[in-house]
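# Structural features, examined
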Amino acid sequence: MNNRIETALIHGAVREGFADKKGAVNVPMYLSSTFHQESIDEFGEYDYARSGNPTRAALEKAIAELEGGHRGFAFATGMAAVSACFMILSAGDHIVITEDVYGGTYRFVTKVLPRFGITHTFVDFTDIEAIKAAVKPETKLIYLETPSNPTLGITDIRAVVDIAKANGAMTFLDNTFMTPLHQRSLEMGVDVVIHSATKFLSGHSDILAGLVVAKDEALADRIYFIQNSFGSVLGVQDCYTLIQNMKTTAVRFNEESRVAMRIAEFLEAQPLVENVYYPGLKSHPGYEIHASQSTSAGAVLSFTLPSYTIAKVFVEAMKIPVFAVSLGGVESILSYPAKMSHAAMEPEERAKRGITDGLLRFSVGLENEDDLLEDFKQALEKAQAAR
């Protein structure tokens, strides 16, 4: 039986493989670093927890089912997941990557991979012709992030997949902002999908986690080799927590996205706000493409105020959201990308990407929407007065 994704979010991790759970509705936590073997000639399914653990296996099976892929992998952090995927490349390989990418990914691509002879070209991924022009004979990977972080740029996933296939390259996509609930990347031809599960899939700001799903067996084998070799796996207790938290992804994310649309429309009408970045707005340049490949505009938006000084007044006037790194929690989170998510990016590179000193990112939580809007109103009034 092929269940809809809301059902799979709740039951996917416990459907099979746990005959010893005695009818428990939750996956057990197998708190064991090693596993007894019955024979010197034949080992069981698990031997050492870095290589595999039943609780982690349940989570990995669940995310593979949710994304519609061959095999899933759970990592200690989102960046551990991103890094492991990049490490299946070899010296001499070239990456074409979206210029509007998460700061940690930018740091890894620009500071770590060149030490291993892996080169890269950053491109505006809203420009398909520019992507085509950046591909070289040695290009082995095209790396997407859509919607991108933090200016919510939209990439035509199917068009990029076509470019990659025509050039014998792989496609990896960071699906953190949309989750499998609202963006089915593998079904559009992407080879590997990556999540910072710290964000919407977990949704409670309580754990760090990264998830990866490979479309086919050959890629899955390569990623598993790196996962097992590097050992940056997700711990058992965090696997259990993530399985539990994922069960409510649909109700959390759908409500947060609904409120995000209302806040984006409100901000777009404010004279002090110079730009609003949210793919649910018809004014967004990627609106039509996003609507063709995603079933929600998501729960993250960014907006630009005139200066750092005005942004500072606004941030300090806001009362409800947490002012912090990260996103995707049940609590609204207000972030300042220039000093938080993209602090690893040089100032001139941030400027090229529209990450100005007045840019703020807002991840909508589950607070009362009218309370949030009232908070925005009073903070904007104080920021306007300080102008």
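Before reading on, note that the structure itself is shown above.
Residues numbered from 1 in each chain as written. Predicted model: local features only at pLDDT ≥ 70, side-chain atom pairs only at ≥ 80, totals over all residues. Heavy atoms only, no water.

### Considering the sheet that holds strand β3 (residues 119-123)
- With mixed pairing, the seven strands of this open sheet are ordered in space as β1-β7-β6-β5-β4-β2-β3. Taken across any chain shown, the strands that pair with only one partner, and hence form the sheet edges, are β1 (71-75) and β3. Strand-to-strand twist in this sheet, taken as the mean axis angle between neighbours without regard to direction, amounts to 20 degrees.
- Pairing geometry for β1 and strand β7 (residues 210-214), over five bridges, is antiparallel. (Pairing = 2+ DSSP bridges. Helix = DSSP H or I, 4+ residues; strand = E, 2+ residues; numbered from the N terminus. Axes fitted to C-alpha atoms, helices over the stretch in contact; angles between N-to-C directions.)

### Quick word on the sheet that holds strand β10 (residues 322-323)
- Spatial ordering of the open sheet is given by β8-β9-β12-β11-β10, a layout of five strands whose pairing is mixed. Looking at strand neighbours, the two that pair on one side only are β8 (275-277) and β10, the edges of this open sheet.
- Bridge count between β8 and strand β9 (residues 300-304): three bridges; the pairing is antiparallel. Among the inter-strand pairings, V276 is bridged to a residue of β9, identified as F303.
- Taken strand by strand, helix α12 (residues 308-317) contacts β9, β10, β11 (333-335) and β12 (359-363), and its axis lies near 25 degrees from that of β12. (Contact = heavy atoms within 4.5 Å.)

### Here we look at the pairing of β12
- Most of β12 sits inside the fold, with five of its five residues counted as buried.
- Where burial is concerned, the two faces of β12 agree: the one with L359, R361 and S363 and the one with L360 and F362 are both buried.
- By the bridge criterion, five bridges tie β9 to β12 in an arrangement that is antiparallel. Pairing of V300 across the sheet is with S363, part of β12.
- By the bridge criterion, three bridges tie β11 to β12 in an arrangement that is antiparallel. (Buried < 20%, exposed > 50% of the residue type's maximum accessible area, 1.4 Å probe, protein only.)

### Here we look at the layout of surface pockets
- One number sums up the size of the largest pocket: a volume of about 450 Å³.
- Along the walls of the largest pocket sit 29 residues, with G78, M79, Y102, S196 and K199 positioned nearest its centre.
- For the lining of the largest pocket, the secondary structure elements donating two or more residues are α3 (78-86), α4 (103-112) and β6 (192-196).
- A class-by-class count of the residues in the lining of the largest pocket yields twelve nonpolar, twelve polar and five charged. (1 Å grid on protein atoms, 1.4 Å probe; cavity = no way out; pocket = protein on both sides within 12 Å on 5 of 7 lines; lining within 4 Å. Points joined across faces, edges and corners; volume = space filled by probe spheres on them. Nonpolar A, V, L, I, M, F, W, Y, C, P; charged D, E, K, R; others polar.)

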